[in-house]
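Here are the chains, one letter per residue:
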Amino acid sequence: MTEPIVPGGISCREVVELVTAYLEGALDPDTRARFEVHLELCGPCFEYVEQIRATSRLVAVAATELDERPDRDALLKAFRAFHKET
Amino acid sequence: MTLVDRYGALMLRVALMHVRSRAVAEEVVQEAWLGVVRGLDRFEGRSSLKTWILRIVANLARTRAVREQRSVPLSSLEPEGDEPSVDPTRFRPLDDRYPGGWAVPPHAWARLPEESLVADETLRLVREAIDRLPARQQEVITLRDVEGWDSDEVCTALDLTEGNQRVLLHRARSKIRQELEDYFEAAA
């Protein structure tokens, strides 16, 4: 019987529970190191962590109105300042 | 101002993918337009004008994000609660050669072009997913991911321990991630 394979000594099932603690910097140094070894060896978990990061960013973006546009007055001001410079 | 009208909203969304504050995102967009104006004669038409502009926005926003990143203090590990973040049947059994490894790995979407990540339909789905979260999770994810508060500020404001705050954030992000995975998988 071959040895079970668990990259970094943390299973994928554990990774999805530890991901927030990892991103928050709340893992103890040893667990953090093993978590990172796992991510280096496991493509799906690497993708999973990236998805959690992307989710966090998308939550921020989703809070802006869908039809919201950048502040036009501020932009015009920046353009005018730029023209003066050149 | 037609270009500004056409790409403004998209530029703002791409900027907000990297920087938390609306004010900083506005500055990034302004800076990007100046970059567009300055660099226009270097634009060789190898990509579309839109792609070129969005790349400028993303690069500037990334630089700003790195500059403004706050470090997170190290604290002890606490249990994340017993509500699984991913359907347990997606993992291999404990007597498998890869115990607890993925049986049904996540459908890949994190590296889709930002333009499709911030499409109207995706953002609508995220908002609906937030609305369906339990109140406490909604509060925490809004303060952390929308308002950009740090965990200490949220713990104080909502009277939570650091561990509880993290569990609520974890559950909220995990559920929304799952909905995004389902959506992108169905769309693929």
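What counts, and at which threshold
Residues numbered from 1 in each chain as written. Chains lettered and ligands numbered in written order. Predicted model: local features only at pLDDT ≥ 70, side-chain atom pairs only at ≥ 80, totals over all residues. Heavy atoms only, no water. Helix = DSSP H or I, 4+ residues; strand = E, 2+ residues; numbered from the N terminus. Buried < 20%, exposed > 50% of the residue type's maximum accessible area, 1.4 Å probe, protein only. Contact = heavy atoms within 4.5 Å. Areas by Shrake-Rupley, 256 points an atom, 1.4 Å probe, with all protein chains shown as cover. Rg over C-alpha atoms; globule rule 2.2 N^0.38 Å. Lys, Arg positive; Asp, Glu negative; His and termini not counted. Charge placed at Lys NZ, Arg CZ, Asp CG, Glu CD. Buried area = accessible area lost by both parts, 1.4 Å probe. Salt bridge = Lys/Arg side-chain N within 4 Å of Asp/Glu carboxyl O. pLDDT = per-residue confidence, 0-100. Core = buried A, V, L, I, M, F, W, Y, C linked by side-chain atoms within 4.5 Å.

1. Some words on the overall build of chain B
Next up, step 1: For chain B, the count of helices and strands is eight helices and zero strands.
Next up, step 2: Seen in sequence order, chain B has helices and strands lined up from the N terminus as α-α-α-α-α-α-α-α.
Next up, step 3: In terms of its C-alpha atoms, chain B occupies a principal-axis envelope of roughly 60 × 40 × 30 Å.
Next up, step 4: Looking at chain B as a whole, 45% of its 188 residues qualify as buried.
Next up, step 5: Taking the contacts inside chain B whose residues are at least 6 apart along the sequence as the reference set, 63% of them involve residues at least 24 apart.
Next up, step 6: If you sum the accessible surface of chain B, you get close to 10,000 Å²; carbon and sulfur atoms cover 52% of it.

2. Notes on the overall build of chain A
Next up, step 1: Secondary structure assignment for chain A yields four helices and zero strands.
Next up, step 2: When the helices and strands of chain A are placed in sequence order, the string is α-α-α-α.
Next up, step 3: A compact globule built from 86 residues would reach a C-alpha radius of gyration of about 12 Å, whereas chain A, at 22 Å, exceeds it by more than 25%.
Next up, step 4: Judged by the C-alpha coordinates and their principal axes, chain A covers about 75 × 30 × 25 Å.
Next up, step 5: When burial is assessed residue by residue, chain A has 49% of its 86 residues classed as buried.
Next up, step 6: Partitioning the intrachain contacts of chain A with sequence separation of at least 6 by distance along the chain shows that 53% fall at a separation of at least 24.
Next up, step 7: Entry remark: accessible area of chain A is about 4,400 Å², with carbon and sulfur atoms responsible for 54%.
Next up, step 8: Side chains of chain A give 10 positive and 16 negative charges; the mean places of these two sets differ by 11 Å.

3. Here's the deal with the interface of chain A and chain B
Next up, step 1: Tallying the contact residues gives 53 residues for chain A and 69 residues for chain B.
Next up, step 2: Between chain A and chain B lies a buried interface of about 5,700 Å² when both sides are counted; carbon and sulfur atoms form 65% of it.
Next up, step 3: Our count for the chain A to chain B interface comes out at two salt bridges.
Next up, step 4: Taking the shortest distance from any N to any O, the salt bridge between Glu24 of chain A and Arg144 of chain B comes out at 2.8 Å.

4. Some points on the confidence of the model for chain A
Next up, step 1: Put simply, chain A has an average pLDDT of 88, and 92% of its residues get 70 or more.
Next up, step 2: Across chain A, the element-wise mean pLDDT spans from 80 in helix α4 (residues 72-85) of chain A up to 96 in helix α3 (residues 43-62) of chain A.

5. Some thoughts on the nonpolar core
Next up, step 1: Grouped together as the largest cluster of nonpolar side chains are 55 residues, with contacts concentrated most on Leu58 of chain A together with Met11, Trp33, Val126, Ile176 and Leu180 of chain B.
Next up, step 2: Residues contacting Val126 of chain B, with those up to four places away along its chain left out, are Leu58, Val59 and Ala62 of chain A together with Ile176 and Leu180 of chain B.
Next up, step 3: Counting residues in each nonpolar core, the second largest holds 20 residues, with Val19, Ala21, Phe35 and Tyr48 of chain A among its members.

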